[in-house]
Amino acid sequence: MINNSLTRLDPFALIDDVFRSVRAPSMDAAQRQGGFVPAVDAHRDGEDLVLRADLPGVDPEKDVAVELTGRTLTVSGERRSETEAEGLREVRYGSFSRTVTLPGEVSSDAISASYESGVLTVRVTGVYATEQPRKITISSTEREKKIES
């Protein structure tokens with residue numbers, strides 16, 4: 001018997017996978033192969049780091065974890081399918097983990113997370129504070145010689 005079912009190929013999903021694999025080395029190969037990989041934006045806001053992850057359809061209290069280990073901030077979890085029905089499935093499900101290396105160590109008290117309208121926002125307060133330029137006093141031996149004479 002010949003299988004006449006066609007597999008629908010979405011060229012935009014393929015292009016998206018290519019760009020994500022280039023931009024985000026913190027994703028493992030299994031996630032790039034078809035599991036759920038949330039889109040993540042991370043930017044500097046003054047002395048803070050703000051990370052936003054698109055997590056539509058995910059229960060943040062049951063299915064998401066934000067963890068800090070040294071300078072590594074990890075957002076992980078699972079997007080679960082509500083049905084096991086056959087048919088066209090363009091929505092991706094599965095476990096995910098995204099990791100960001102912070103520029104300096106912070107305490108867990110400096111991290112806050114909120115979830116609204118399918119977007120998880122993680123703020124790391126003051127992580128860039130040590131990157132502010134500091135004035136260094138320059139000593140001059142010539143000035144000291146003039147004072148002595």
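Labelled according to an unreviewed UniProt entry, the chain appears under the name HSP20 family protein, originating from Nesterenkonia sandarakina.

Novice: Could you give an account of the overall build of the chain, with specific residues and numbers?
Specialist: When helices and strands are counted, the chain shows four helices and seven strands. Listing every helix and strand of the chain by position from the N terminus yields α-α-β-β-α-β-β-β-β-β-α. Going through the 149 residues of the chain one by one, you find that 25% of them count as buried. By sequence separation, contacts in the chain at least 24 residues apart represent 55% of the contacts at least 6 residues apart. Summing over all exposed atoms, the chain offers an accessible surface of approximately 11200 Å²; the carbon and sulfur share of this is 50%.

Novice: Go over the packing of aromatic side chains, please, and point to the residues and values.
Specialist: One pass over the structure, following the stated rule, counts one aromatic pair. Where Phe-36 meets Phe-96, the ring centres are 5.5 Å apart and the plane angle is 90°; that geometry is what we call edge-to-face. Placement of the pair is Phe-36 in the loop between α2 (29–32) and β1 (40–45) and Phe-96 in strand β5 (residues 94–101), with a sequence separation of 60 residues. The burial state of Phe-36 is the same as that of Phe-96; both residues are buried. Directly above the aromatic system of Phe-36 lies the positively charged group of Arg-79, at a separation of 4.8 Å from the ring centroid. The ring of Tyr-93 carries Arg-79 above its face, with NZ or CZ at 5.6 Å from the centroid.

Novice: Explain the pairing of strand β4 (residues 72–79) residue by residue, including any values.
Specialist: Within β4, six of the eight residues are buried, leaving the element largely enclosed by the surrounding structure. Sheet topology note: the strand β3 (residues 64–69)/β4 ladder contains six bridges and is antiparallel. Along β4, the bridge assignment pairs Thr-69 with Thr-72. Where β3 hands over to β4, the hairpin turn is made up of two residues, of which Gly-70 adopts a positive phi near 60°.

Novice: Tell me about empty space enclosed by the protein, and name the residues and values.
Specialist: In the structure shown here, the tally under the stated rule is one cavity of 30 Å³ or more. If you add up the space inside the largest cavity, you get close to 40 Å³. Around the largest cavity sit Val-40, Leu-51, Ala-53, Leu-73, Thr-74, Val-75, Arg-98 and Val-100, which together line it. Of the residues that constitute the lining of the largest cavity, the class distribution is six nonpolar, one polar and one charged.

Novice: Describe the side chain of Asp-63, listing the residues and the values that go with them.
Specialist: Inspection of the secondary structure puts Asp-63 in helix α3 (residues 60–63). Classification of Asp-63 as buried rests on a relative accessible area of 12%. Beyond its immediate chain neighbours, meaning those up to four positions away, Asp-63 contacts Val-58, Ser-76, Gly-77, Glu-78 and Arg-80.

Novice: Let's hear about the pattern of salt bridges: which residues, and what values?
Specialist: In the structure shown here, the tally under the stated rule is four salt bridges. As a salt-bridge pair, Arg-80 and Glu-78 come within 3.5 Å of each other at their nearest N and O atoms.

Novice: Describe the sheet that holds strand β7 (residues 119–124), naming the residues involved and giving the relevant values.
Specialist: Taken in spatial order, the four strands make up an open sheet running β1-β2-β7-β6, and their pairing is antiparallel. Bordering the open sheet on either side are β1 and β6 (111–116), each of which pairs with just one other strand. Adjacent strand axes in the sheet meet at a mean angle of 15°, parallel and antiparallel pairs treated alike. Bridge count for β1 against strand β2 (residues 48–54) is six bridges, and the pairing is antiparallel. Within β2, the residue paired with His-43 across the bridge is Val-50.

Reading the values: the criteria
- Residues numbered from 1 in each chain as written.
- Predicted model: local features only at pLDDT ≥ 70, side-chain atom pairs only at ≥ 80, totals over all residues.
- Heavy atoms only, no water.
- Helix = DSSP H or I, 4+ residues; strand = E, 2+ residues; numbered from the N terminus.
- Buried < 20%, exposed > 50% of the residue type's maximum accessible area, 1.4 Å probe, protein only.
- Contact = heavy atoms within 4.5 Å.
- Areas by Shrake-Rupley, 256 points an atom, 1.4 Å probe, with all protein chains shown as cover.
- Phe/Tyr/Trp six-rings, centres within 6.5 Å; stacked < 30°, edge-to-face > 60°.
- Lys NZ or Arg CZ within 6 Å of the ring centre and 35° of its normal.
- Pairing = 2+ DSSP bridges.
- 1 Å grid on protein atoms, 1.4 Å probe; cavity = no way out; pocket = protein on both sides within 12 Å on 5 of 7 lines; lining within 4 Å.
- Points joined across faces, edges and corners; volume = space filled by probe spheres on them.
- Nonpolar A, V, L, I, M, F, W, Y, C, P; charged D, E, K, R; others polar.
- Salt bridge = Lys/Arg side-chain N within 4 Å of Asp/Glu carboxyl O.
- Axes fitted to C-alpha atoms, helices over the stretch in contact; angles between N-to-C directions.

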